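Spelled out, the chains give:
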Amino acid sequence: MNKRLDNINSLTSSLRLAALDFDELYSNKNDITPLAAVEIFLEKQLKFRTEKQNIMRRKRATLPSEKTLEQFDFGFQRSVTKEQMMRLADMTWVEQAYNICFLGPPGIGKTHLATALAVKALDMGYSAVFTSLDNLMKDLKTELISTQSKRRLKNIYASALVIIDEVGFMPLSPQEANLFFSFVSAMSEKTSLIITSNKGFDEWVDFLGDATITTAILDRLIHHCEIISMSGDSFRLSHRKSITH
């Protein structure tokens, strides 16, 4: 019997399956049938694989932190409602490759909401990845000479949902504006984008530097898009902590 168990454990390891605790399996289950044992074994493997895939999805997502909608202070930030966000939390828009744009001044919760939706997507089995526009530009400009940039972009292009944070904080060069246009075009109607920006769409030409490029980007971005314009005081400033109090 021990020899057979050793062989089963060896085969399990070779197949990269989760080890099965036979003592636990048969404790108080002396009448368990071989068929029931196989069912329990397969259920354990499925649970193990699902947990492993969930861990890998979260690792690849590179979220700055895991935020939830339940943690968001809708009482402080009244320009968006909990009901509105919960409707988006069903993720049906990801299946249709719709986009979401959070627009408004810094510190009002745009990144929190974007990250919370990404967490919901990950929990439901979708692949998601978070990047700032600045980091995206660095990767796009060095894709041909950097293995790490190529790897990160491969992960981005393979994801069902891509969050691009801090769009508009820094002006783009003409080369970067063209790269951003190419990226949005490649994603259009294939991958859902969540954009957070401190600029209204009428101000995008200011940091993109070209009216034609701006129109082309927005045309692709907002064709199928939920636009959420936010306002109000900065949550971070209102809840800042002083080192002297």
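Please refer to the structure higher up on the page.
The structure displayed is predicted, hence computed values, not measured ones.

Parameters at a glance
- Residues numbered from 1 in each chain as written.
- Predicted model: local features only at pLDDT ≥ 70, side-chain atom pairs only at ≥ 80, totals over all residues.
- Heavy atoms only, no water.
- Axes fitted to C-alpha atoms, helices over the stretch in contact; angles between N-to-C directions.
- Helix = DSSP H or I, 4+ residues; strand = E, 2+ residues; numbered from the N terminus.
- Parallel < 35°, antiparallel > 145°, perpendicular 65-115°, else oblique.
- Left-handed = near helix turned anticlockwise from the far one by under 90°.
- Contact = heavy atoms within 4.5 Å.
- Nonpolar A, V, L, I, M, F, W, Y, C, P; charged D, E, K, R; others polar.
- Buried < 20%, exposed > 50% of the residue type's maximum accessible area, 1.4 Å probe, protein only.
- Pairing = 2+ DSSP bridges.
- Salt bridge = Lys/Arg side-chain N within 4 Å of Asp/Glu carboxyl O.
- Core = buried A, V, L, I, M, F, W, Y, C linked by side-chain atoms within 4.5 Å.

S.K.: I would appreciate a short explanation of the packing of helix α9 (residues 174-187) against helix α11 (residues 211-221) in the present structure.
M.R.: Between two packed helices, what matters for the description is the angle formed by their axes and the separation of those axes. Where α9 meets α11, the axes come as close as 9 Å, and the angle between the chain directions of the two elements is 20°. As far as their axial angle goes, α11 and α9 are roughly parallel. Every pair of crossing elements has a handedness; the one defined by α9 and α11 is left-handed. Contacts from Ala177, Asn178, Phe180, Phe181, Val184 and Ser185 of α9 reach α11 at Ile213, Ala216, Ile217, Arg220 and Leu221. Among the residues forming the contact of α9 with α11, the class breakdown is 8 nonpolar, 2 polar and 1 charged.

S.K.: Just to check I follow, could you spell out the pairing of strand β4 (residues 192-197) for this structure?
M.R.: Residues in a regular strand point their side chains to alternate faces of the sheet. For β4, a buried count of 6 out of 6 residues is recorded, marking the element as mostly surrounded by other parts of the structure. By the alternation rule, side chains of β4 split into Ser192, Ile194 and Thr196 and Leu193, Ile195 and Ser197, which are all buried. Alignment of strand β1 (residues 99-103) against β4, held across 4 bridges, turns out to be parallel. Bridge assignment links phenylalanine 102 to a residue of β4, and that residue is threonine 196. Alignment of strand β3 (residues 161-167) against β4, held across 5 bridges, turns out to be parallel. Note on β4: the bridge partner recorded for valine 162 is leucine 193.

S.K.: Got a minute to help me understand the environment of glycine 109 in this structure?
M.R.: Mapped onto the fold, glycine 109 is located in the loop between β1 and α6 (110-123). Given a relative accessible area of 18%, glycine 109 falls into the buried group. Residues glycine 109 and aspartate 73 lie 36 residues apart in sequence; the distance between their C-alpha atoms is 8.8 Å. Once you skip the residues sitting within four places of it in the chain, glycine 109 turns out to touch Phe72 and Met230.

S.K.: Please explain the pattern of salt bridges as it appears in this structure.
M.R.: Note on pairing: side chains with opposite charge can pair once their charged atoms come close. For the structure on display, the rule yields 5 salt bridges. The shortest N-O distance in the salt bridge between aspartate 134 and lysine 138 comes to 3.4 Å. Pair noted here: aspartate 134 and lysine 138 are both in helix α7 (residues 133-141), with a separation of 4 residues, about one helical turn. With relative accessibility at 46%, the residue lysine 138 sits in the partly exposed group. The salt bridge partner of arginine 152 is aspartate 139, with a shortest N-O separation of 3.0 Å. Remark: aspartate 139 occurs in helix α7 and arginine 152 occurs in helix α8 (residues 147-157); sequence separation between them is 13 residues.

S.K.: How should the sheet that holds strand β2 (residues 128-132) be read in this particular structure?
M.R.: Taken together, 5 strands build an open sheet; the order of strands is β2-β3-β4-β1-β5 and the sheet is parallel. Looking at which strands have only one partner, the edges of the open sheet turn out to be β2 and β5 (225-229). In this sheet, adjacent strand axes meet at a mean angle of 10° when their direction is disregarded. Two strands pair when backbone bridges link them, and β2 and β3 are joined in this way by 5 bridges, in the parallel orientation. Considered in β3, the bridge of threonine 131 is made with isoleucine 164. Most of the contacts of α7 go to β2, to which it runs at about 95°, and overall it touches β2 and β3.

S.K.: It is not clear to me how the nonpolar core should be interpreted in this structure. Could you clarify?
M.R.: When a protein is soluble and globular, its nonpolar side chains tend to lie buried together. Core analysis: the biggest nonpolar cluster contains 31 residues, and Met85, Trp93, Phe102, Leu113, Leu117 and Ile194 have the highest contact counts within it. At the level of elements, α4 (82-88), α5 (92-95), β1, α6, β2 and β3 are the ones that each hand at least two residues to this core. If you tally residues by element for this core, the top one is α6, at 8 residues. When residues no more than four places from it in sequence are discounted, the contact partners of leucine 113 are Leu69, Phe72, Phe74, Val80, Met85, Phe102 and Met230. In terms of nonpolar packing, the next biggest core, distinct from the first, is built from 29 residues, Ile156, Phe180, Phe201 and Ile213 among them.

Just distances and angles here, no functional claims.
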